Amino acid sequence: MSSKETCRTELRAAVRHLSDRGLYSASKWAAEQLMGIEQDPSKHTPSHTRFQRGSSSIRRRFRTAAAAESSATPSGGVSYVSTPSMVGPEEYDYDPIDSDFYLLAKSYFDCKEYRRAAHVLRDQTGKKAVFLRCYALYLAGEKRKEEEMIELEGPLGKSDAVNRELVSLERELSTLRENGTIDPFGLYIYGLVLKEKGNENLARSVLVESVNIYPWNWSAWSELQTLCTTIEALNSLNINNHWMKDFFLASAYQELRMHNESLAKYEYLQGTFTFSNYLQAQIAKAQYNLREFEQVEVIFEELLRNDPYRIEDMDMYSNVLYAKECFSALSYLAHRVFLTDKYRPESCCIVGNYYSLKGQHEKSVMYFRRALKLNKNYLSAWTLMGHEYVEMKNTSAAVDAYRRAVDINPCDYRAWYGLGQAYEMMGMPFYALHYFKKSVFLQPNDSRLWIAMAQCFETEQLHMLVEAIKCYKRAVNCNDREAIALHQLAKLHCELGQTEEAAFYYKKDLERMEAEEREGPNMVEALMFLAQHCKTQKKFDEAEVYCTRLLDYTGPEKETAKSLLRGIRYARDVVEHFPP
């Protein structure tokens, strides 16, 4: 990893370069990482370090001592390609001849008058001017595509509308690349165009070329990541060693569901970017995918203390609060983001989660639809809206929502799982099984998915109990927190006449319930079976213990236990007086 001062110098220059080219998301990201680097107290007054206070507690709490050693990128022995001259103002500044034209075009661009901006730069040949012209044309085409989609199908409809600028942009940018007169920002736009046209292999090559020349453009890395849908595709990239590569790999690992590897990378990066809110949010995301909700909640609480008007990633926090049924905390979060910016998709999703937790599903759907009007590719909203339609028993609408989600991201296991649920509700277990299999392939460590597939195998139409048992065993190995799998394994083995196996799982289930201090019908069923089984096996002392425990209950099980206890004592007397 480069020194903190080197990273700071590079990021300062990158913020200016990216802002000057209208790459505002990348500029914001770079600025946030810049502020995430710990300041030297000897060089800065307390007011300069005020923004960074409070974040370190999360790092101390969750960062493992071996995180840096376990990272795939070693802290020493690697020559990182970090050339400060690359980010000097002379390297990527605009040409003096183009300057006045560029200033006018940039002001039009900032006012979202993209075609006016492109027109001003039509005769300018400087690399910076060419980039802004091409970027303005690309955005103008995207804007017109969105308008056509709304005109033809409405804000949430599907449409065949395309960006009409792509063909001319591809022709021009391809020529510039062949002539060697294109800069890394132009390569980024070229990669975007190729990706839109479906030429993914060339798009990957072009984006790799862009980040190797100018590694501080996070937007280019993000687009490259969307093209790496398999670990093989990721490993095939020929990327220079630079500290930005670690950010990319951590994010890519997360999307490829390699959550432990992603977590190790992010914790390693925290050694330099100690106070980065972005890193904390990504660590929370990895912990969320590992279902470590307690740690996620602590991280998000700290994030909101440090950055109280933050909306990014807060929809994930609302999912955690929803799962934990924290009504008051979710209500407070919804109120907070609503006051900050109620027309952000994340805000609408949070409010939708709040109404869903209250059982007001129609109102919840209204807010998820509002989120999708603001961003029709907002994956979480499609999936969550599908869940709401399932609750409302509107299976056709649920299926449509889930299909839109998997169209956006075929690796979203929640949407595939939702499709399985919807088809199961419609009494179509073969279809449901197909979608459940897709979901467990994408998320093999989630016990809920294995349980859903097992229950599908148990349905009357399929009745594939052996396959159901295999799924329940996988669920047990995946830390079944809902405590369903052990009990079902015991019941299925009992149904198949495999009493020894049934007794084994009833005992395991009983031990778990005792450890968690749970009571209920499952415990009564386990005690009853084990008492009968031990009696049959002539383990009379053990059988008597189970019966005695049943006597503590009221209702029919108490009378059954008394009768069973008399039978056990009689059988023991018979064995003692008339041995075989």
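Residues numbered from 1 in each chain as written. Predicted model: local features only at pLDDT ≥ 70, side-chain atom pairs only at ≥ 80, totals over all residues. Heavy atoms only, no water.

Per an unreviewed UniProt entry, the recorded name for the chain is Anaphase-promoting complex subunit, and the organism is Sesamum radiatum.

Colleague: For this particular structure, what's the right way to read helix H15 (residues 243–255)?
Modeller: In an α-helix, one turn spans 3.6 residues, which is why side chains three or four residues apart end up on the same side. Spanning 13 residues, H15 covers 19 Å between terminal C-alpha atoms, matching the ideal 18 Å at 1.5 Å per step. The element H15 is largely enclosed, with a buried count of twelve among its 13 residues. Listed in full, the buried residues belonging to H15 are Trp243, Met244, Lys245, Asp246, Phe247, Phe248, Leu249, Ala250, Ser251, Ala252, Tyr253 and Gln254. For H15, the elements touching its buried residues are helix H1 (4–20), helix H2 (24–36), helix H13 (218–226), helix H14 (231–235), helix H16 (259–269) and helix H17 (277–289). The first or second residue beyond H15 is Arg257, which carries a positive phi of 65°. (Helix = DSSP H or I, 4+ residues; strand = E, 2+ residues; numbered from the N terminus. Expected span 1.5 Å × (residues − 1). Buried < 20%, exposed > 50% of the residue type's maximum accessible area, 1.4 Å probe, protein only. Contact = heavy atoms within 4.5 Å.)

Colleague: Can you help me understand the UniProt feature "repeat: TPR" (unreviewed entry) in the chain in this one?
Modeller: UniProt's entry tags residues 345–378, 379–412 and 413–446 with the feature "repeat: TPR" (unreviewed entry), counted in the numbering of this structure. Annotated as 79% helix and 0% strand, the span residues 345–378 places its first and last C-alpha atoms 8 Å apart. (UniProt positions renumbered as here; feature names shortened; annotations may be inferred.)

Colleague: Quick question: what am I supposed to make of the packing of helix H7 (residues 99–110) against helix H9 (residues 127–153) here?
Modeller: Across the interface, H7 lies against H9 with an axial gap of 11 Å and an inter-helix angle of 25°. In terms of their interaxial angle, H7 and H9 are classed as roughly parallel. When the axes of H7 and H9 are compared, the crossing they make is left-handed. Touching Tyr102, Ala105, Lys106 and Phe109 of H7 are Lys128, Ala129, Leu132, Tyr135, Ala136 and Leu139, all from H9. Taken together, the residues that form the contact of H7 with H9 break down as eight nonpolar, no polar and two charged. (Axes fitted to C-alpha atoms, helices over the stretch in contact; angles between N-to-C directions. Parallel < 35°, antiparallel > 145°, perpendicular 65-115°, else oblique. Left-handed = near helix turned anticlockwise from the far one by under 90°. Nonpolar A, V, L, I, M, F, W, Y, C, P; charged D, E, K, R; others polar.)

Colleague: Explain the confidence of the model for the chain to me, please; I cannot follow it from the model alone.
Modeller: Do not read the predicted coordinates in detail wherever pLDDT is low. Looking at the chain as a whole, the pLDDT averages 86, with 87% of positions reaching at least 70. Per-element mean pLDDT across the chain ranges from 38 in helix H5 (residues 67–70) up to 96 in helix H8 (residues 114–120). Below a pLDDT of 50 lies the segment residues 56–90, which in the model reaches 70 contacts outside its immediate sequence neighbourhood of four places, other chains included. (pLDDT = per-residue confidence, 0-100.)

Colleague: Any chance you could explain the nonpolar core here in plain terms?
Modeller: The nonpolar side chains of soluble globular proteins are, as a tendency, buried together. Counting residues in each nonpolar core, the largest one holds 103 residues, and the members touching the most others are Leu173, Ile189, Leu224, Leu234, Phe247 and Phe248. Broken down by element, this core gets its largest block of residues, eleven residues, from H9. Non-local contacts of Ile189, meaning those with residues more than four positions away in its chain, are made with Phe131, Cys134, Tyr135 and Leu173. Core analysis: the second largest hydrophobic core is formed by 79 residues, Tyr417, Ala485, Ala503 and Leu564 among them. (Core = buried A, V, L, I, M, F, W, Y, C linked by side-chain atoms within 4.5 Å.)

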